[in-house]
Amino acid sequence: MNQQLEYLAELKEQLCNWKAYDETQLEELIEEFEKFPRKEYSLNYIPVLTHSSLITSVFEIGKVYQNNLKLLINVISSLGNIVCRYEVTPSSEMFIFFKECTKKKKVNYYVSLYISSFPQYSSWDDRWNFLLSMPQIAPKKKSILNFQTELKRLLVSNEPIPAEVRQQIMQTLNTIIGSGTLGEYSKSAFLQIVSLLEQ
């Protein structure tokens, strides 16, 4: 564990001085760093992963190199996991960045895994459209399961869902159920969600 912690601290120092590295080097550093917030949760990682200068640096790298999809995916995954698992409150700028990335193919799937954990999500004007678009995000099989998870979260929260959105969700779910691509367990889970939405 000490070796891992030392390596994480070393990566933090390098990422906080990111301007000293070229794009290829940063791509490698971010790829190595991303493994830590994604790994099993560790109390030992909290002081490093929640350090504001590290979060700011990773965010800035993502903004500067947003046309490098591999690097950007790892930035989104890193920041998303830090927000979700280590309970860091994201800045408004970070939320805006995640919103912008919902329009980037290949990156939008990773955004969809985390964006609803941001406190700003509940007041985002376009969140219902984004929710409804989730099953169409590639890779579709994984996005359909993510859509299911989001719907469960919504239903558990008892948050009011606008009637027209509720109808569109049910249509989407019925299309997914009727596609014949779901296993019995998933089909049953989707039918249960439809039943809850009809109440």
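Notes on the structure in this doc start here. (Residues numbered from 1 in each chain as written. Predicted model: local features only at pLDDT ≥ 70, side-chain atom pairs only at ≥ 80, totals over all residues. Heavy atoms only, no water.)

Observations concerning the overall build of the protein chain
Across its full length, the protein chain carries 11 helices and zero strands. The order of helices and strands in the protein chain, counted from the N terminus, is α-α-α-α-α-α-α-α-α-α-α. Along the first, second and third principal axes, the C-alpha atoms of the protein chain reach 55 × 35 × 30 Å. When burial is assessed residue by residue, the protein chain has 45% of its 199 residues classed as buried. Of the contacts formed within the protein chain by residues at least 6 apart in sequence, a portion of 66% connects residues at least 24 apart. Summed over all atoms, the accessible surface of the protein chain reaches about 10,700 Å², with 49% contributed by carbon and sulfur. (Helix = DSSP H or I, 4+ residues; strand = E, 2+ residues; numbered from the N terminus. Buried < 20%, exposed > 50% of the residue type's maximum accessible area, 1.4 Å probe, protein only. Contact = heavy atoms within 4.5 Å. Areas by Shrake-Rupley, 256 points an atom, 1.4 Å probe, with all protein chains shown as cover.)

What to know about the environment of Gln171
Following the sequence through the fold, Gln171 ends up in helix α10 (residues 163-178). Look at Gln171 and you get exposed, because its relative accessible area is 52%. Along the backbone, Gln171 and Val194 are 23 residues apart, and their C-alpha atoms lie at a distance of 9.2 Å.

Quick look at helix α9 (residues 140-157)
An ideal rise of 1.5 Å per residue puts 26 Å on 18 residues; α9 measures up with 25 Å between its terminal C-alpha atoms. Listed in full, the buried residues belonging to α9 are Ser143, Ile144, Asn146, Phe147, Gln148, Glu150, Leu151 and Leu154. For α9, the secondary structure elements touched by its buried residues are α7 (108-114), α8 (127-133), α10 and α11 (184-198). Two residues or fewer after α9 comes Asn158, characterised by a positive phi angle close to 60 degrees. (Expected span 1.5 Å × (residues − 1).)

Quick notes on unusual backbone geometry
In this model, Ala138 is joined to Pro139 through a cis peptide bond whose omega is -5 degrees. Structurally, the position occupied by Pro139 is in the loop between α8 and α9. Within the chain, Lys106 stands out as a residue other than glycine whose phi angle is a positive 75 degrees. Looking at the element boundaries, Lys106 is found in the loop between α6 (92-101) and α7. Phi at Asn158 takes a positive value of approximately 60 degrees, unusual for a residue other than glycine.

Notes on empty space enclosed by the protein
Scanning all chains against the criterion turns up one cavity of 30 Å³ or more. Tyr121, Arg127, Trp128, Leu131, Glu150, Arg153 and Leu154 are the residues that line the largest cavity. Counted by class, the lining of the largest cavity contains four nonpolar, no polar and three charged residues. (1 Å grid on protein atoms, 1.4 Å probe; cavity = no way out; pocket = protein on both sides within 12 Å on 5 of 7 lines; lining within 4 Å. Points joined across faces, edges and corners; volume = space filled by probe spheres on them. Nonpolar A, V, L, I, M, F, W, Y, C, P; charged D, E, K, R; others polar.)

Re the state of the cysteines
Using the criterion set out here, one finds zero disulfides in the structure. Left unpaired, Cys84 is separated from the closest cysteine sulfur, that of Cys101, by 15 Å. (Disulfide = S-S within 2.5 Å.)

Section: the packing of helix α4 (residues 52-64) against helix α5 (residues 69-86)
The interhelical angle for the contact between α4 and α5, taken along N-to-C directions, is 150 degrees, at an axis separation of 9 Å. With respect to each other, α4 and α5 are oriented roughly antiparallel. Pair α4 / α5 crosses with left-handed handedness. Contact residues: α4 offers Ile55, Val58, Phe59, Ile61 and Gly62, while α5 offers Leu71, Leu72, Val75, Ser78, Leu79 and Ile82. (Axes fitted to C-alpha atoms, helices over the stretch in contact; angles between N-to-C directions. Parallel < 35°, antiparallel > 145°, perpendicular 65-115°, else oblique. Left-handed = near helix turned anticlockwise from the far one by under 90°.)

Quick look at the packing of aromatic side chains
Counting across every chain of the model gives 10 aromatic pairs. Between Tyr7 and Phe36 the ring centres are 6.0 Å apart and the planes differ by 55 degrees, which places this aromatic pair in the tilted class. One end of the pair, Tyr7, is in helix α1 (residues 2-16); the other, Phe36, is in helix α2 (residues 23-38), with 29 residues separating them in the sequence. Residue classification places Tyr7 among the partly exposed residues on the basis of a relative accessible area of 28%. Ring geometry for Tyr109 and Tyr110: centres 5.3 Å apart, planes at 80 degrees, overall edge-to-face. Look at Tyr109 and you get buried, because its relative accessible area is 11%. (Phe/Tyr/Trp six-rings, centres within 6.5 Å; stacked < 30°, edge-to-face > 60°.)

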